[in-house]
Amino acid sequence: MKNQSKHLIIGASGQIGSVLTAALRHLYGASAVVASDIKTPTMALLDQGPFESIDATDFDQLLTIVKTHKIDTVYLMAAMLSANAEKRPEKAWDLNMSSLFHVLNLAKLGHIKHVFWPSSIAVFGPSSPKFKVPQQTIMEPTTVYGISKLAGERWCDYYHKNYGVDVRSLRFPGLISWQSLPGGGTTDYAVDIFHKAIASETFECFLSENTALPMMYMDDAIRAILELMNANVNSIKIRSSYNLSAVSFTPKELYHSIKKFHPSFEIRYAPDFRQAIADSWPDSIDDSFAQKEWGWRPNFDLDALVKDMFVHL
Ligand code: SER
């Protein structure tokens, strides 16, 4: 990104958006980064720099904010996650797809120049390979969230090929952060568990002990976004979304890693409807295209991220 770029984060109150907003402000200065969300912002977010209330499904609102602030780069982080989306399928489809269309159309019409949009491991389904799932493979997602992300990926590729839109995307695994809480996803347990350990409470896990899922520490995720957005345009060959990998673990493995810091911590397993969602997703990801094309390397393995969580929480 050029230094004079102006950035808009849609969904700046969310798990990724809040950390991304702070990271971009640190890099480019507070006034170069406009935070926006439909939710009332925290005082911390308001204090950091400009904030706009926004409904991501309203094109005119988006256009007004883009024009007012002379935005050239948009990070569309607003979405309904996997577990919540199963409860409100049509609402999830509407939010996840119409917000993406609006942002892609802002770029197509020349109002903005660059777009970041996160996809997810949820684009894979039960018929995809379980281990080291490759970039290109069978993709038959069984969740509303996964269907919306896979459709979104195809639209990103389409807008790039047909209208020259500079859209870049990553298929995020479950994200673990101390700065922010996830909301309504299937991988949320891997953040909640830390808060229970610190409160010395027993953790009731909604996934079974041996459910392996791809995961990533938030520091790695934010660095991945910044590296992808700053990569030379010629090195970005994939305009749907890149596989991205850091670490894979089960609830039991995470529990044992946490127990090194909190020896009396206890866990109980009570799988619910989210177990079926987790079972439909891969255990691990092959991200060799991201490694080759723009040099992706994760920094945090399981023990490193657990240690860092306890340093900060
Ligand atoms: N973390 C997301 C979820 O669980 C996956 O992208 O829905």
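Residues numbered from 1 in each chain as written. Predicted model: local features only at pLDDT ≥ 70, side-chain atom pairs only at ≥ 80, totals over all residues. Heavy atoms only, no water.

Draft legend 1. Region of the structure containing the site of the ligand. Every residue close to the ligand is listed here: Leu81, Ser82, Ser120, Tyr145, Gly185, Thr186, Thr187 and Trp281. Within the side chain of Ser82, an N or O atom sits 2.6 Å from an oxygen atom of the ligand. Measuring from an oxygen atom of the ligand, one finds a side-chain N or O atom of Ser120 at 2.7 Å. (Near = heavy atom within 4 Å. Polar contact = N/O pair within 3.5 Å; in protein donor to acceptor, adjacent residues only side chain to side chain.)

Draft legend 2. Up close: the side chain of Thr143. As for its position among the elements, Thr143 is in the loop between β5 (114-120) and α6 (144-163). In this structure Thr143 comes out as buried when scored by relative accessible area, which is 3%. Ignoring any residue separated from it by four or fewer positions in sequence, one finds Thr143 in contact with Glu86, Ala122 and Ile277. (Helix = DSSP H or I, 4+ residues; strand = E, 2+ residues; numbered from the N terminus. Buried < 20%, exposed > 50% of the residue type's maximum accessible area, 1.4 Å probe, protein only. Contact = heavy atoms within 4.5 Å.)

Draft legend 3. Representation of the packing of helix α7 (residues 189-198) against helix α9 (residues 251-259). Two numbers describe how α7 lies on α9: the axes approach to 11 Å, and their chain directions differ by 30°. In terms of their interaxial angle, α7 and α9 are classed as roughly parallel. As for how α7 packs across α9, the hand of that crossing is right-handed. Together, Tyr189, Ala190, Ile193, Phe194 and Ala197 of α7 and Pro251, Leu254, Tyr255 and Ile258 of α9 make up the contact between the two elements. Residues that form the contact of α7 with α9 fall into these classes: 9 nonpolar, no polar and no charged. (Axes fitted to C-alpha atoms, helices over the stretch in contact; angles between N-to-C directions. Parallel < 35°, antiparallel > 145°, perpendicular 65-115°, else oblique. Left-handed = near helix turned anticlockwise from the far one by under 90°. Nonpolar A, V, L, I, M, F, W, Y, C, P; charged D, E, K, R; others polar.)

Draft legend 4. Up close: a nonpolar patch on the surface. A grouping of Trp155, Tyr158 and Tyr163 is seen on the molecular surface, where their side chains present a nonpolar patch of about 290 Å² in accessible area. Turning to its location among the elements, Tyr158 is positioned in helix α6. (Patch = residues over 30% accessible without salt bridge, like charges linked within 9 Å, V, L, I, M, F, W, Y side chains within 5 Å. Areas by Shrake-Rupley, 256 points an atom, 1.4 Å probe, with all protein chains shown as cover. Salt bridge = Lys/Arg side-chain N within 4 Å of Asp/Glu carboxyl O.)

Draft legend 5. Quick look at the packing of aromatic side chains. A full pass over the atoms with the stated rule returns 15 aromatic pairs. Consider the rings of Tyr75 and Phe116, whose centres lie 6.4 Å apart with planes at 45°: the pair is tilted. Of this pair, Tyr75 sits in strand β4 (residues 73-76) while Phe116 is found in strand β5, placing the two residues 41 residues apart along the sequence. With relative accessibility at 0%, the residue Phe116 sits in the buried group. Centre to centre, the rings of Tyr158 and Tyr163 are 6.1 Å apart; their planes meet at 70°, and the pair counts as edge-to-face. Among the aromatic side chains, those forming a connected cluster through ring pairs are Phe101, Trp155, Tyr158, Tyr159 and Tyr163. Above the plane of the ring of Tyr163 lies Lys108, whose end atom (NZ or CZ) is 4.3 Å from the centre. (Phe/Tyr/Trp six-rings, centres within 6.5 Å; stacked < 30°, edge-to-face > 60°. Lys NZ or Arg CZ within 6 Å of the ring centre and 35° of its normal.)

Draft legend 6. Spotlight on the pairing of β5. Of all 7 residues making up β5, 7 are buried, and the element is well covered by its neighbours. In β5, alternate side chains face the same way, and those of His114, Phe116, Pro118 and Ser120 on one face and Val115, Trp117 and Ser119 on the other are all buried. Sheet topology places β4 next to β5; 3 bridges connect them, and they run parallel. Counterpart to Thr73 in the pairing with β5 is His114. As paired strands, β5 and strand β6 (residues 166-172) are joined by 7 bridges and run parallel to one another. Note on β6: the bridge partner recorded for Phe116 is Arg168. For the segment spanning β5, α6 and β6, crossover handedness is right-handed. (Pairing = 2+ DSSP bridges. Right-handed = clockwise from strand over helix to strand, strands pointing away.)

Draft legend 7. Structural detail: the sheet that holds strand β9 (residues 213-217). One open sheet holds the 3 strands; their spatial order is β7-β9-β11, and the pairing between them is mixed. Only two strands of the sheet have a single neighbouring strand rather than two, namely β7 (174-176) and β11 (247-249). When the angles between neighbouring strand axes are averaged without regard to direction, this sheet yields 45°. Bridging between β9 and β11 involves 3 bridges; their strand directions are antiparallel. Residue Leu213 lies in a different strand from β11, and its bridge partner there is Phe249.

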